[in-house]
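Listed below are the residues making up each chain.
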Amino acid sequence: MRVLCRDAEWLVTRVEAASRRDQVLYCVGADDLTRGHETAFLTQLEQIEPVDPRRTRLVPDASGGYARAKLFLEAQLRQMPLTDPDPHVDGMGAFTPMGYQKEAVQRAIAQLRPRLLLADAVGLGKTIEVGMILSELMKRGQADRILVLAKKSMLAQFQAELWNRFAIPLVRLDSTGLARLQLKIPASKNPFEVYHRLIISIDTLKDIGRYSHFLEDTRWDVVVIDEAHNVAGGGNPEKHLSYRLARRLARRANSMLLTTATPHNGKRETFGRLISLLDPSAIPDPKLREYEASDIKPFFLMRFKEDVRAEAGEHFASREVVPLPRTRVPATPAEERVYRILAELRQRILDRTLVATGIVQWGLYKSFLSSPEACRSTVEKRLRQLRDTDPGSPEAQALQPLHEALAGLTIADSARFRLLVRELESLGWNGTAKSPRLLVFTESRVTQSQLAGALAKHFRLKFSEKPEDQPNQPLAIIHGGMADIHLAATIESFGTGVSPMRLLLATDVASEGVNLHHQCHHIIHYDLPWSIITLIQRNGRIDRFGQRHSPVIRYLMVRTQEGFLDGDEAIFERLVEKVEEINRSTRSGESLLKLYDSDREEEYIATRGILAADREVLDRANPETAESAELESLLLAANAQGHDDWLAFLTGQTEAPANAAQSAPAVIDNSRIRLMSNADFLELGYRTLADAQVGDAFAPLQKTAAQVVLNPPDDLRRRLGAPRSGSGAGSARGSDVIFGATAIPEEAWPEDGHLYLTTDPERVDRAIKAALAQKGQWSPELLLTDQHPVLQWLSERLMMLMQRGEAPLIASPHLEAGELLFCFIGQVSSRAGTPLIVDTHAVSYRKSGKIERRPLKEALAEARFASLANTGRGSRLPDSLLAGFVEGAVEESLRHLRQLKDQRQEQIKPRLDEEERRLKRWFQRRAEHIEGALRDLPPEGKRALQLRRQLDEMERYLRDREDNWKDTHLLASDEPSTRLVLAIEGA
């Protein structure tokens, strides 16, 4: 759509609702004075006049083969938002789409507003599913403003995955990036309005006091929260900053995607909070404890490795666990002395002759299983606490012999360290470039520091603990105390083949979400966490979708001769066995003990197993898990029902599933049309723009059989946010702030400033692997997808081939002599500008006087548009007569669009009415709960105030659903719009 504002012509690229009646129009200049300039206009303040299609002037196309007309039409078609009810995932990105991933896309876009909790197991590719959904929403004009929240260790990995495989650019605002941005913009400027597609860490953004006023003023098309169990609210949601942040963002977003492999902690309330983030009206109970499978099934999707193995088996390598007898050694005599003291402490605790905290009961033992230094550090900390609070306590006296026994022990002399060195040497590891890449986990930060130093000394390696040094040394460490930029750099180096790093020594900061499988298939558990959840998360770093080698897992064990501790070894062995059993099953690791929290699992195994000398603790159901067992059954039922509903809908056995959007059966979608391949469009379009330039602004494309190399012109560099440095940076100013959704990640720019593009997904996949092997996680070669920023720029520039109010006129000998065929792109939008119907059609006038309307694709095929040659024949009709036909054709197009609008409104009305009734029932039922509770409370009490705030929030939610969802996004604006994009005269 083109508009006139401030005596200039603008191309509208996006429309947002500013209020119930007013809109913000984001535009690109389309005339000589403003061409390429980007700005935004508020309809409340500006006089904006749409370019009237009735006044369109037809201009004969004199280009060879009607190239200008073909490119102009193709550019218009590519800028159309899609309204096809079915997703098209083929060619979407550089990956092979699986059936289970396609289901996620289908279920998301079928909803009235896409909101989904993706709860697939560890390693099944949830990031790919997110990329697929975002790509489809972008094509539909529903994902211009994207916010992704992730853990700080995941930012660069998530950002690179979406860019490499989908060409979706996210600007990473880590601690450094956000500080740099705020220096460039005024203090009053909302930093979340500068870039339209962002990725930022939860820890950075949850600073409610610092960012709350900015977040309150920002609306998002899509919010994605990775590892979403971290925003479920825990035991006290109102004091949980991450939950409060997620709730605030949920209210300001049209679509929302949550991803987690651990969707609940066994409590109905915390899982209910995640569902309420997606839809606060899904669960009537204000305490979020009472709900059924039917309440949650529209929002929930959960699959396990065994569920998809038949389809995706080639992408999972069978893993090998080195037999425990091979990775178990006896303790040294000095260690046996410590074990004897620890056994005596345990005996006194069990005899109740010593009263002590959990730290002494089992924490000291567990820390000694990690390293002598870790145990000594824990003992000394506890002794300091006792000196300050109770200097003469029996506990302090009991700990003194242990402290003395630990004084002379070091990790380098420990049996566990010697076992590790033996295993490293058996793998041929010595820290040189020929060494295999290894991942070693330890729970203790103290152990990590001592172990790194001991390994460096043993293998004669240079080692520094400075965070900035980690990516460039053969032995590296990562832990939760590192800044996000250093974590990202170290993780990227570990995944890069030519990196000097050969061993990554990690605490459990690396056990959740991070992909470490690209160059590594060996994992060593230096110490054993007493948690099934943690072990599964650790193993999932290398045992995941896309691993090309069999993962090899080693669990290091030390056997003591101290008889009182003898039963512990059986518990540890059973723990490892249980992890492997779950790996071969269709259930989650949390389902075994049903505690759903690694710390609670640790305490349970310690108290119910180790202290109780119960070797079968892992083979009996936890007696305190009635609620969690019932919840797990409920989720499995909801997942199965949602899947079955969807299969029945796809096979035509039922109507659309609950919460699904429906398309009127009478409407045939004509929005997905392409006349050129992406490669042809780029080559022909770029050449046409280059021919129209004066001077050397457009460097020629370099083309091979499989690749196109583009040296971007200055305006494209500026739009993509090219860095200032680099041989190909030209005159682009890298210090400029690039507003909007087009800035690509700075790390993604090749050193020469050129863009390497291909249409072969397998070639890009190989390029990603080559990048991981050679230089990092950013692929130098990208897939030329529909949503690639280069094609978006090209389309906008080609749409300006015609001047204001013009459309090309061509001739076809394949139409009836004297026939006039007018080609239109029509759109019915919501009041917020969201495309509801996009329809391409043609209106023809025949000599007989017959007026006919038909789909554009059919009309172009009849005219043989793709193969037309320009013979130089001009129109035989005077301009005044042509203008009359244009006006009549526009009216026919608008009449057709009004019919489509009425059909859609009639078809969607029952769904909206039912949704409105559901919301009213929800409000009434929840209000009854709250008002009943208020009757028994003092009016000014804290609890009463909280309940009244809930009522206020419910009312605000209903108003928001009415104003910012139904009225703005689902109800059509008063009038459709249409564009005459081509006229063809029969020769």
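Residues numbered from 1 in each chain as written. Predicted model: local features only at pLDDT ≥ 70, side-chain atom pairs only at ≥ 80, totals over all residues. Heavy atoms only, no water.

Under the annotation held in an unreviewed UniProt entry, the protein chain carries the name DEAD/DEAH box helicase and is attributed to Thiorhodococcus mannitoliphagus.

In a regular helix each residue adds 1.5 Å, so 12 residues correspond to 16 Å; helix H4 (residues 155-166) covers 16 Å between its end C-alpha atoms and thus fits that length. Most of H4 is tucked away: 12 of the 12 residues are buried. (Helix = DSSP H or I, 4+ residues; strand = E, 2+ residues; numbered from the N terminus. Expected span 1.5 Å × (residues − 1). Buried < 20%, exposed > 50% of the residue type's maximum accessible area, 1.4 Å probe, protein only.)

Let us look at the pattern of salt bridges. In this structure the tally under the stated criterion is 66 salt bridges. Measuring nitrogen to oxygen at the nearest pair gives 4.0 Å for the salt bridge that ties Asp 52 to Arg 55. Across the pair Glu 581 and Arg 574 runs a salt bridge, and its minimum N-O distance is 3.1 Å. Take Arg 574: its relative accessible area is 18%, and that puts it in the buried class. A single salt-bridge network, built from bridges that share partners, covers Glu 816, Glu 819, Arg 846, Glu 852, Arg 854 and Glu 862. (Salt bridge = Lys/Arg side-chain N within 4 Å of Asp/Glu carboxyl O.)

Moving on: helix H22 (residues 598-610). Of all the positions in H22, only Glu 601, Glu 602, Tyr 604, Ile 605, Ala 606, Gly 609 and Ile 610 are classed as buried. Measuring from the backbone nitrogen of Asp 599 back to the side-chain oxygen at the start of H22 gives 3.0 Å, which picks out Asp 597 as the cap. (Polar contact = N/O pair within 3.5 Å; in protein donor to acceptor, adjacent residues only side chain to side chain.)

Phi at Arg 352 takes a positive value of approximately 65°, unusual for a residue other than glycine. Checked against the element boundaries, Arg 352 lands in the loop between helix H12 (333-351) and helix H13 (358-368). Its relative accessible area of 74% is what places Arg 352 among the exposed residues. In this model, Ala 613 sits at a positive phi of 55°, which is unusual for a non-glycine residue. Residue position: Ala 613 is located in the loop between H22 and helix H23 (626-650).

Let us look at the nonpolar core. One finds Tyr 365, Leu 402, Leu 424, Leu 439, Ile 478, Trp 530 and Tyr 555 to be the most contacted residues of the largest nonpolar core, which totals 129 residues. Both of domain 3 (101-312 + 632-650) and domain 4 (320-619) provide at least three residues apiece to this core. (Core = buried A, V, L, I, M, F, W, Y, C linked by side-chain atoms within 4.5 Å. Domains from an automatic or database assignment.)

Across the sheet, seven strands lie side by side as S9-S10-S8-S11-S12-S7-S13; this open sheet has parallel pairing. Taken across any chain shown, the strands that pair with only one partner, and hence form the sheet edges, are strand S9 (171-172) and strand S13 (300-301). Strand direction decides the pairing type here: strand S8 (residues 146-150) and strand S10 (residues 197-201), joined by five bridges, are parallel. Bridged to Ile 146 within S10 is Arg 197. H4 contacts S8, S9, S10 and strand S11 (220-225) of the sheet and is inclined by roughly 155° relative to S10. With respect to the sheet, helix H9 (residues 268-278) is in contact with strand S7 (115-118), strand S12 (253-259) and S13, its orientation differing from that of S7 by roughly 145°. (Pairing = 2+ DSSP bridges. Contact = heavy atoms within 4.5 Å. Axes fitted to C-alpha atoms, helices over the stretch in contact; angles between N-to-C directions.)

In this structure the tally under the stated criterion is 14 aromatic pairs. On the numbers, 5.1 Å between centres and 75° between planes, the contact of Trp 10 with Phe 41 is edge-to-face. Of the two residues, Trp 10 sits in strand S2 (residues 8-17) while Phe 41 sits in strand S4 (residues 38-42), which places them 31 residues apart along the sequence. When its relative accessible area of 6% is taken as the criterion, Trp 10 is described as buried. You can call Phe 41 buried: its relative accessible area is 1%. (Phe/Tyr/Trp six-rings, centres within 6.5 Å; stacked < 30°, edge-to-face > 60°.)

As for its placement among the helices and strands, Arg 328 is situated in strand S15 (residues 328-330). Its relative accessible area of 15% is what places Arg 328 among the buried residues. Separated by 3.2 Å, the side chains of Arg 328 and Glu 569 make a polar contact.

Ordered in space as S6-S26-S30-S27-S28-S29, the six strands form an open sheet in which the pairing is mixed. Only two strands of the sheet have a single partner each, and these edge strands are strand S6 (57-60) and strand S29 (851-855). In this sheet, adjacent strand axes meet at a mean angle of 30° when their direction is disregarded. Sheet analysis places strand S27 (residues 820-829) next to strand S30 (residues 977-986), joined by eight bridges and oriented antiparallel. When the bridges of S30 are listed, Ile 825 appears paired with Arg 979. Where helix H28 (residues 856-863) meets the sheet, its contacts fall on strand S26 (806-812), S27, strand S28 (835-845), S29 and S30, and the angle it forms with S29 comes to roughly 105°. Relative to the sheet, helix H29 (residues 879-934) contacts S6, S26, S27, S28, S29 and S30, its axis offset from that of S28 by approximately 140°.

With that settled, consider the packing of H13 against helix H15 (residues 394-406). Running from N to C, H13 and H15 point in directions that differ by 5°, and their axes come no closer than 13 Å. Our classification of the angle between H13 and H15 gives roughly parallel. Within the contact between the two elements, H13 uses Val 360, Leu 364 and Phe 368 and H15 uses Glu 395, Leu 399, Leu 402 and Leu 406. Residue classes in the contact of H13 with H15 are distributed as six nonpolar, no polar and one charged. (Parallel < 35°, antiparallel > 145°, perpendicular 65-115°, else oblique. Nonpolar A, V, L, I, M, F, W, Y, C, P; charged D, E, K, R; others polar.)

What follows covers the confidence of the model for the protein chain. Put simply, the protein chain has an average pLDDT of 86, and 92% of its residues get 70 or more. At the low end of the mean pLDDT range in the protein chain sits helix H7 (residues 208-216), at 70; at the high end sits helix H16 (residues 415-426), at 97. With pLDDT under 50 throughout, residues 661-667 is counted as low confidence; its partners more than four residues away or in other chains account for 14 contacts. Note on residues 725-735: pLDDT under 50 across the span, and 22 contacts to partners over four residues away in sequence or across chains. (pLDDT = per-residue confidence, 0-100.)

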